Amino acid sequence: MKLTNSQNKIFEYCIYLIAFGLFIFFFKHTLDYGRTYDDDALLDQFTRSPGDAKLISSFLYAKFHFYPVYFLTHELDNFLTFLFNFSGIEILNTKIAKFTNIFLHVTNSFLVYLFIKKILRIESNLRDNILIFLSSLIFLFHPITSQIIFNITTRNESLALFFGLLTFIYCLNNAYDKKFINYLFIALLFFLSLCSKLMTIYLAGLIPLTIFLLNFHQINLKENFKKNFDVFILLCVTFFVYYYLRSVFTEKNDIFFYDSFNDLLFYFFTSSKFYLIGLFYPFEHIYVYATNYDLNLSIILFTLFIIYSIFATYLFFNKKDPILLITVFWIIASLTLPVIFGMVDKGFPLISNLAERYQYSSVVAISIIFFWILKNLSNHLYKKTLALSFYCLILFSCIFILYDRSKVYIDNYTFMTETDEKSPKNVHRYSFSVPMRNAVKNNDWTAYKFNLYQFYQLNTKFDEVILEFLRYFIHEENEVGIKFFEDEFEKQFKDKPYGIFKLARFYVFNEEYQKAENEIKKIFKQYDKIKKQLEASGKKVTFLDPPIDDLYFELGKINFYQKNYDKALENFKTANVINPLHATALYNAAITLKKLGLNKEATQLYKDAIEINPFLRETANNLIANTNE
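Residues numbered from 1 in each chain as written. Predicted model: local features only at pLDDT ≥ 70, side-chain atom pairs only at ≥ 80, totals over all residues. Heavy atoms only, no water.

A. Summary view of the packing of helix α4 (residues 68-86) against helix α8 (residues 156-176). In the contact formed by α4 and α8, the axes pass within 10 Å of each other and the chain directions differ by 110 degrees. What the angle tells us is that α4 and α8 run roughly perpendicular. Once α4 is placed against α8, the crossing between them reads as right-handed. Of α8, the residues touching α4 (which contributes Val-69, Tyr-70 and Thr-73) are Asn-156, Leu-159 and Phe-163. Looking at the contact of α4 with α8, its residues break down into four nonpolar, two polar and no charged. (Axes fitted to C-alpha atoms, helices over the stretch in contact; angles between N-to-C directions. Helix = DSSP H or I, 4+ residues; strand = E, 2+ residues; numbered from the N terminus. Parallel < 35°, antiparallel > 145°, perpendicular 65-115°, else oblique. Left-handed = near helix turned anticlockwise from the far one by under 90°. Contact = heavy atoms within 4.5 Å. Nonpolar A, V, L, I, M, F, W, Y, C, P; charged D, E, K, R; others polar.)

B. Broad picture of the nonpolar core. Ranked by size, the top nonpolar core spans 118 residues in total, and within it Phe-23, Phe-115, Phe-141 and Trp-330 carry the most contacts. Excluding residues that lie within four positions of it along the chain, Trp-330 makes contacts with Phe-115, Leu-165, Phe-168, Tyr-202, Leu-206, Ser-361, Ser-362, Val-364 and Ala-365. Formed by 34 residues, the second largest nonpolar core is a distinct cluster that contains Leu-452, Phe-455, Tyr-456 and Leu-551. (Core = buried A, V, L, I, M, F, W, Y, C linked by side-chain atoms within 4.5 Å. Buried < 20%, exposed > 50% of the residue type's maximum accessible area, 1.4 Å probe, protein only.)

C. Representation of the environment of Phe-501 within the structure. Mapped onto the fold, Phe-501 is located in helix α23 (residues 497-509). For the pair Phe-501 and Leu-551, spaced 50 residues apart in sequence, the C-alpha separation works out to 8.0 Å. Apart from residues no more than four positions distant in its own chain, Phe-501 is found in contact with Ile-520, Ile-523, Pro-546, Asp-550, Leu-551 and Glu-554.

D. Summary view of the packing of helix α1 (residues 5-27) against helix α6 (residues 126-141). At a minimum axis distance of 11 Å, the contact between α1 and α6 shows a crossing angle of 30 degrees. With respect to their mutual orientation, α1 and α6 come out roughly parallel. Crossing handedness for the pair α1 and α6: right-handed. On α6, the residues that touch Asn-8, Phe-11, Ile-15, Ile-18, Ala-19, Leu-22, Phe-23, Phe-26 and Phe-27 of α1 are Leu-126, Asn-129, Ile-130, Phe-133, Leu-137, Leu-140 and Phe-141.

E. Up close: the pattern of salt bridges. Under the counting rule described, the total for this entry stands at 20 salt bridges. Asp-230 is paired through a salt bridge with Lys-178; the nearest N and O atoms lie 3.0 Å apart. Here Lys-178 lies in the loop between α8 and α9 (180-196) and Asp-230 lies in helix α11 (residues 221-249), a separation of 52 residues in the sequence. According to the relative accessible area criterion, Lys-178 is partly exposed, its value standing at 41%. (Salt bridge = Lys/Arg side-chain N within 4 Å of Asp/Glu carboxyl O.)

F. Layout of the confidence of the model for the protein. In the predicted model, the protein carries a mean pLDDT of 80, and 82% of its residues have values of at least 70. In this model residues 343-351 is a low-confidence stretch, pLDDT under 50, and it forms 36 contacts with partners more than four residues away in sequence or in other chains. The model gives residues 622-629 a pLDDT under 50, and that stretch makes 14 contacts with residues more than four places away or in other chains. (pLDDT = per-residue confidence, 0-100.)

G. Quick look at the side chain of Asn-93. Examined against the element boundaries, Asn-93 turns out to sit in helix α5 (residues 93-120). Overall, the relative accessible area of 16% leaves Asn-93 in the buried class. For Asn-93, the side chain forms a polar contact with the side chain of Thr-81, separated by 3.0 Å. (Polar contact = N/O pair within 3.5 Å; in protein donor to acceptor, adjacent residues only side chain to side chain.)

H. Main features of a nonpolar patch on the surface. The grouping of Phe-229, Phe-232, Ile-233, Val-237, Val-241, Tyr-244, Leu-245 and Val-248 at the surface amounts to a nonpolar patch, some 740 Å² of accessible area in total. On the secondary structure map, Tyr-244 appears in helix α11. (Patch = residues over 30% accessible without salt bridge, like charges linked within 9 Å, V, L, I, M, F, W, Y side chains within 5 Å. Areas by Shrake-Rupley, 256 points an atom, 1.4 Å probe, with all protein chains shown as cover.)

I. Summary view of the environment of Phe-232. Take Phe-232: it is sitting in helix α11. Given a relative accessible area of 35%, Phe-232 falls into the partly exposed group. Along the primary structure Phe-232 and Gly-205 are separated by 27 residues, whereas in three dimensions their C-alpha atoms are 7.1 Å apart. Aside from chain neighbours lying at most four places away, what touches Phe-232 is Ala-204 and Pro-208.

J. Summary view of a negative patch on the surface. Taken together, the side chains of Glu-476, Glu-477, Glu-479, Glu-511 and Glu-512 make up a negatively charged region of the molecular surface. Within the element layout of this structure, Glu-476 appears in helix α21 (residues 463-476). (Lys, Arg positive; Asp, Glu negative; His and termini not counted. Charge placed at Lys NZ, Arg CZ, Asp CG, Glu CD.)

K. How the structure looks around the packing of aromatic side chains. Scanning the model with the defined rule gives 47 aromatic pairs in all. Between Phe-25 and Phe-26, the aromatic rings sit 5.1 Å apart at their centres with planes inclined by 80 degrees, giving edge-to-face as the arrangement. Among the residues examined, Phe-25 registers a relative accessible area of 65% and is labelled exposed. Look at Phe-473 and Phe-485: their rings are 5.8 Å apart centre to centre, the planes differ by 20 degrees, and that puts the pair in the stacked class. Here Phe-473, found in helix α21, pairs with Phe-485, found in helix α22 (residues 479-493); they are twelve residues apart in sequence, far enough to count as distant. Assigned by exposure class, Phe-473 and Phe-485 land together as buried. Feature note: the residues Phe-23, Phe-25, Phe-26, Phe-27, Phe-141, Phe-150, Tyr-403 and Tyr-409 constitute an aromatic cluster, connected by ring pairs. (Phe/Tyr/Trp six-rings, centres within 6.5 Å; stacked < 30°, edge-to-face > 60°.)

Structure (structure tokens):
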């Protein structure tokens, strides 16, 4: 059956409403869930802040991630919350924010439907439209999307894909009907996609490649390249403009990559395994970060993916069918950054460890694969029955698993404690660390010790657990236990400044100021040694973990607690000279000046600190009042 243009539009509106209705039917209950993961940080540092503080907050956050579109959507949530409550409709900001996440995800599902129509040039065929819609439901209910939908702070993934899919659709339009307005939309939409999350950089290569593959058998090679060249250049120019603006805000960091080719190979395979399982068999729920080291299974899965790629290539050259090959390149392109940089924790402000949310955009390829299956196996009755049965089984399984995963996001306690038994250690540890904190709160040292020993069994070299044992034996006043775990920490982290810094801050918290100072001095010695070696060869070095300004700031705190106020003031000022945005150093310098009786100078420093970080306003204003008494 052929649809007219008006019927086609009505059909599109109807399927959007159907998709939205289906999702709300299954997941309406999640609108009443609380905040999880980093949501509280977003609430405290951005949502509740006054306007000027939001700007500072956005700026400081942008030192690592340049996501202005992300922050604007949260401002929209706040504005809508205000409008509803002003109109007499009492509604929580969390409900508005979670509804925004659902709206974005359902809209992305609809854009997947439009995108598949565009690459296949299907407009008026009702049967194919229905098959494409059914395929888009796989994206809508794919379990890998759970954190993006139900956790407020991970919205940037869905925003990036939203603008990315729009960019792709306009590029496909432009490939067949070149208009100046299309170029403007392409540049703007790709820029907004990057401003939501840098991960969509892969579209700069994937979009021209997809158009090239679609036209490969229709036009000659030279014409095909010409057809894509202008879009490729435009996307690259847009990226460089974005990256220049990003570099103005973000700190310049060197890339810390793998120590050897063997490490690269090992992490490549294990990272590939993590993401391929998540796409094709998303049973295990990894919703924080993962270390998923299983090399044998990794190689098996990678081999299966290579076989699938060979099959897709065969179809492309022998059957002139580019669809499965496009999905191969989509999966490779969208997972290149997470796979290659999946283990880089510092230095390259892009991603940290393996996480499911990084493959959100990869799920588009799964919908395309399902359409290919439904399309190619529906010519005969038994094939059609088999394909639809397989589809229904997968769709219902996806809904069931996604529904089960949604329960994790009820509140932060549930999020941090209800981990799957098969989850990796750095996720599973929350099963013990959270009960430990609750045991301390309830003064239940028996429960604390039980969970502490369970925590220790997960990883005896984990810095947090060693410090936790130190905390326990300090509480018990057990000198033998204290000495044992101090030696254990020294053994594991003597050459790792970030670990030594954690120990120093631990000593400060426990009022062991001389020990803390000794640990800070160890880091300075290590840094001086590294600096001399590199400067001798004409290289510059920037220390990031911990940064130099934080070392001086911590020394200033130690001196202050030791009542050595002159030395404390010197260290706080040094921290601020190294990092002029270190408002807390200025703030503490002002407190130190007050201790020295220099109230006028203290007042000026309070004001300087407020200009850098308005979050200090309430506390600083009170202290300014005290200095003027």
